[in-house]
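Structural features, examined
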Amino acid sequence: MSGRALSFGVMAEAYERFRPGYPVELFDEVMAYAGEPARTALEIGAGTGKATRLFARRGVVVTATEPDGAMLAELRKHVPAGVRTVQAAFEDLRPGRKYGLVYVAAALHWTHPEGRWSRMAALVEPGGVFASFGGPVQLADPAVADAVRAARAPFLESDEVPSPDGTPPGHDMQWPGTELQRSEWFTGVQQSVIERRLTMSAADYVGQLSTVSAYLVLPPSEREQVFSRIMRVLPETVEIATDITVHLARRRCAP
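Please read these numbers as outputs of a predicted model, since none were measured by experiment.

1. Overview of unusual backbone geometry
Following Trp-175, the chain continues into Pro-176 via a peptide bond in cis, with omega recorded as 5°. Looking at where Pro-176 falls in the secondary structure, it is placed in the loop between helix H6 (142-152) and helix H7 (177-182). Phi at Ala-106 is positive, roughly 55°, even though this residue is not glycine. Note that Ala-106 resides in the loop between strand S4 (99-105) and helix H5 (116-121). Take Ala-106: its relative accessible area is 32%, and that puts it in the partly exposed class.

Okay, here's the thing in structure tokens:
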């Protein structure tokens with residue numbers, strides 16, 4: 001995995017504190033697509049367990065996998081006792097047990113593209129569900145967003161992760177739905193968006209930025225400078241858009 005993919009562990013506590021969790025509407029949408037409650041689930045790249053809790057607290061038996069030991073240690077502080085945890089990257093998981101649901105929360109773009117969907121299919125029961133969901137935290141006020149963009153410009157042109165397959169932002173189907181539609185292993189691909197608006201303090205917003213990989217890979221001195229510059233242009237509180245883009249697909253009974 002890239003350096004950005006492995007950069008989060010040093011900020012595990014901040015990731016837990018500042019990253020928004022997931023709403024119950026997401027769980028309901030996944031289960032409505034499944035058509036019946038999923039009893040077992042495998043989570044890829046669980047981080048500190050934000051999505052793990054959503055599913056585990058509603059009766060799903062979750063196995064949470066995460067390659068970073070610090071992130072996994074933080075996850076274990078917060079999830080129900082029945083959650084099984086495994087320190088492993090997606091590419092290191094070996095086919096064996098299959099699950100009614102395999103899901104990835106804002107981590108799929110860190111997986112290797114080669115063999116991604118055949119490897120994923122090997123983990124999902126025939127007829128089972130694959131779900132991917134996530135989205136950037138963005139400033140809702142365009143003027144504030146422009147000010148922050150100008151403040152970070154000497155250090156970063158952008159702090160977002162580009163679409164892995166180059167799909168433009170305005171396209172009807174976004175990645176990974178684009179890849180799922182081409183995969184021989186999955187069918188019934190659906191995309192939806194759960195809209196969310198939250199308000200947080202300027203300090204908490206910068207705290208959230210401190211968990212973003214684009215900033216984490218900067219030299220420490222530059223990271224301090226860019227955060228200081230951003231703090232100076234922020235109002236006391238900021239409204240953020242944290243829309244969740246959801247992709248759902250069903251494992252074909254035969255490829």
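2. Structural notes on the packing of H6 against helix H10 (residues 220-233)
Packing of H6 against H10 leaves a shortest axis separation of 9 Å and a crossing angle of 155°. For the element pair H6 / H10, the angle class is roughly antiparallel. The interaxial crossing formed by H6 with H10 has right-handed handedness. Between H6, through Ala-147, Val-148, Ala-150, Ala-151 and Arg-152, and H10, the contact on the second element is made entirely by Val-226, Arg-229, Ile-230 and Val-233.

3. With respect to the pattern of salt bridges
Per the stated rule, a full pass over the model turns up nine salt bridges. Note that Asp-204 is salt-bridged to Arg-17, the shortest N-O span being 4.0 Å. Here Asp-204, found in helix H8 (residues 202-209), pairs with Arg-17, found in helix H1 (residues 12-18); they are 187 residues apart in sequence, far enough to count as distant. Between Arg-116 and Glu-179 there is a salt bridge, with the nearest N and O atoms lying 2.8 Å from each other. Taken together, the residues span a long stretch of sequence, with Arg-116 in helix H5 and Glu-179 in helix H7 at a distance of 63 residues. Shared partners join several salt bridges into a network, and the residues in it are Glu-16, Lys-50 and Arg-53.

4. Some details on H8
Among the eight residues of H8, six are classified as buried, and the element is accordingly described as predominantly covered. All of the buried residues in H8 are Ala-202, Tyr-205, Val-206, Gly-207, Gln-208 and Leu-209. Where H8 is buried, its residues touch H1, strand S6 (138-139), strand S8 (197-201), helix H9 (213-216), H10 and strand S9 (237-241).

5. Considerations on the sheet that holds strand S7 (residues 186-194)
An order of S3-S2-S1-S4-S5-S10-S7 is seen for the seven strands of this open sheet, with the pairing classed as mixed. Because the sheet does not close on itself, it has two edges, and the strands there are strand S3 (84-86) and S7. Sheet twist, expressed as the average angle between the axes of neighbouring strands with direction ignored, equals 20°. The strands touched by helix H2 (residues 24-34) within the sheet are S4, strand S5 (124-134), S7 and strand S10 (244-251), with S10 carrying the most contacts at an inclination of about 25°.

What counts and how
- Residues numbered from 1 in each chain as written.
- Predicted model: local features only at pLDDT ≥ 70, side-chain atom pairs only at ≥ 80, totals over all residues.
- Heavy atoms only, no water.
- Helix = DSSP H or I, 4+ residues; strand = E, 2+ residues; numbered from the N terminus.
- Buried < 20%, exposed > 50% of the residue type's maximum accessible area, 1.4 Å probe, protein only.
- Axes fitted to C-alpha atoms, helices over the stretch in contact; angles between N-to-C directions.
- Parallel < 35°, antiparallel > 145°, perpendicular 65-115°, else oblique.
- Left-handed = near helix turned anticlockwise from the far one by under 90°.
- Contact = heavy atoms within 4.5 Å.
- Salt bridge = Lys/Arg side-chain N within 4 Å of Asp/Glu carboxyl O.
- Pairing = 2+ DSSP bridges.

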